[in-house]
Amino acid sequence: MATLIRGKDVAEKVLAEAKAEVDAMLAEGVLPCLAVILVGDDPASRVYVNKKKEKCAELGIRSLEYKLPAETSQEELLALIDTLNHDASVHGILCQLPLPGHLDEQVTVRAVAREKDVDGFTCLISSGADDLMPCTPSGVMEMLKFAGISPRGKKCCVIGRSNIVGKPMAMLLLAADGTVTVCHSKTENLPAVTREADILIAAVGKPRFVTADMVGEGAVVIDVGVNRGADGKLVGDVDFAAVEPKASFITPVPGGVGPMTIAMLMKNTVCAAKAQSRI
Ligand code: NAP
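Residues numbered from 1 in each chain as written. Predicted model: local features only at pLDDT ≥ 70, side-chain atom pairs only at ≥ 80, totals over all residues. Heavy atoms only, no water.

Before going further, it helps to examine empty space enclosed by the protein. Tallying each qualifying case throughout the model produces one cavity of 30 Å³ or more. By volume, the largest cavity amounts to about 40 Å³. Here the lining of the largest cavity is composed, by residue class, of six nonpolar, no polar and two charged. (1 Å grid on protein atoms, 1.4 Å probe; cavity = no way out; pocket = protein on both sides within 12 Å on 5 of 7 lines; lining within 4 Å. Points joined across faces, edges and corners; volume = space filled by probe spheres on them. Nonpolar A, V, L, I, M, F, W, Y, C, P; charged D, E, K, R; others polar.)

Below, the discussion takes up the site of the ligand. Taken together, 21 residues lie near the ligand, and Arg 161, Ser 162, Ser 185, Val 226 and Thr 261 sit nearest. At 3.1 Å from a nitrogen atom of the ligand is found a side-chain nitrogen or oxygen belonging to Lys 206. Interatomic distance of 2.6 Å between a side-chain N/O atom of Thr 261 and an oxygen atom of the ligand. Here the residues of the shell around the ligand sort into nine nonpolar, ten polar and two charged. (Near = heavy atom within 4 Å. Polar contact = N/O pair within 3.5 Å; in protein donor to acceptor, adjacent residues only side chain to side chain.)

What follows concerns the environment of Met 141. With respect to the element layout, Met 141 can be found in helix H5 (residues 135-146). Note on Met 141: relative accessible area 18%, which makes it buried. Sequence separation between Met 141 and His 102 is 39 residues; the distance between their C-alpha atoms is 34 Å. Excluding residues within four positions of it along the chain, Met 141 makes contact with Pro 151, Met 169, Leu 172, Leu 173 and Ala 176. (Helix = DSSP H or I, 4+ residues; strand = E, 2+ residues; numbered from the N terminus. Buried < 20%, exposed > 50% of the residue type's maximum accessible area, 1.4 Å probe, protein only. Contact = heavy atoms within 4.5 Å.)

Okay, the domain arrangement of the chain next. Each domain of the chain was delimited in the assignment, giving domain 1 (28-113) and domain 2 (135-257). Here the C-alpha centre of domain 2 lies 29 Å away from the C-alpha centre of domain 1. (Domains from an automatic or database assignment.)

Our next topic: helix H9 (residues 258-277). If you check H9, its first and last C-alpha atoms are 30 Å apart, about what 20 residues at 1.5 Å a residue would give, namely 28 Å. Those residues of H9 not exposed but buried are Met 260, Ile 262, Ala 263, Met 264, Leu 265, Met 266, Asn 268, Thr 269, Val 270, Ala 272 and Ala 273. Tucked into the core, H9 has its buried residues touching helix H1 (7-27), strand E2 (33-39), helix H2 (43-59), strand E4 (92-95) and H5. Just beyond H9, the residue with positive phi is Arg 278, at close to 50 degrees. (Expected span 1.5 Å × (residues − 1).)

With that out of the way, let us pick up the layout of surface pockets. Of the pockets and cavities examined, the largest pocket occupies roughly 1,500 Å³. Lining the largest pocket are 48 residues, and of these Tyr 48, Thr 136, Val 226, Gly 258 and Thr 261 lie nearest its centre. Mapped by element, the contributors of at least two residues to the lining of the largest pocket are H1, H2, E4, H5, strand E9 (227-228) and H9. With nine residues, H2 is the single largest residue contributor to the lining of the largest pocket. Among the residues making up the lining of the largest pocket, the classes are represented as 26 nonpolar, ten polar and twelve charged.

Here it is in structure tokens:
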């Protein structure tokens, strides 16, 4: 039986630490502030933005919401980001993705000042400790730490190479001295590669993609996937029932990596506020 790594437990710890930092900053007269930009009316994005606002309120972080119409031009969006970049009372800026098709996501996220980029999209992981790390991959690192698992010297395999999850995940594991392999849709004989991993991270976006034959005996299996099954229920990228007996540690879906992303966003906002106020 594998040990479950529950994101809720780890997220609670991260949020409690963030709350203590917020309290300390408030005592120094600094009110951490996160600005969230939502372009258009995508229902899922609306839900995510509301959750972020609620979490800010719980922690005592001020949140500002900029709700822009779907037809907002790139220039208008960049002008708002520029204003927020220059507003000293705003410590974190987040532009909710996806953006409507006529807007360039790369241009938009790169416009956010590096020290305010709480999503960590502009982070160069190799450049040093000052960077705000991308939330989902850094949440995975926090879960490994919580479970007492060090990537150091371990064979780590990431399935997925997206800019938001797979690539930064691989870089963080490398920075933690893992020996890292990154797999993708063109990888040949994928099961032979993934079976070698001591730590296997699935970030594919396909329900129950990772089957038991793809996992080595005793591997640590982290499931980043969030997919909707035919019955409407959330399902991960890992076939949990089949893989769990082979794994030493495994994350469930839901209740695994999911809660970590927002917790790390709060942590990043607090870190950004601290760095910008130099307390
Ligand atoms: P994405 O941009 O669609 O990337 C998926 C990656 O999987 C791509 O690199 C793709 O390879 C690879 N892939 C697809 N089919 C494959 C196959 N047959 N064999 C090997 N690799 C394959 O997705 P993402 O944004 O990284 O997200 C991945 C999953 O994580 C999704 O389920 C998403 O919902 C979830 N997610 C969860 C959180 C959270 O908070 N827990 C946050 C973000 C994302 P190519 O590059 O070759 O196309």
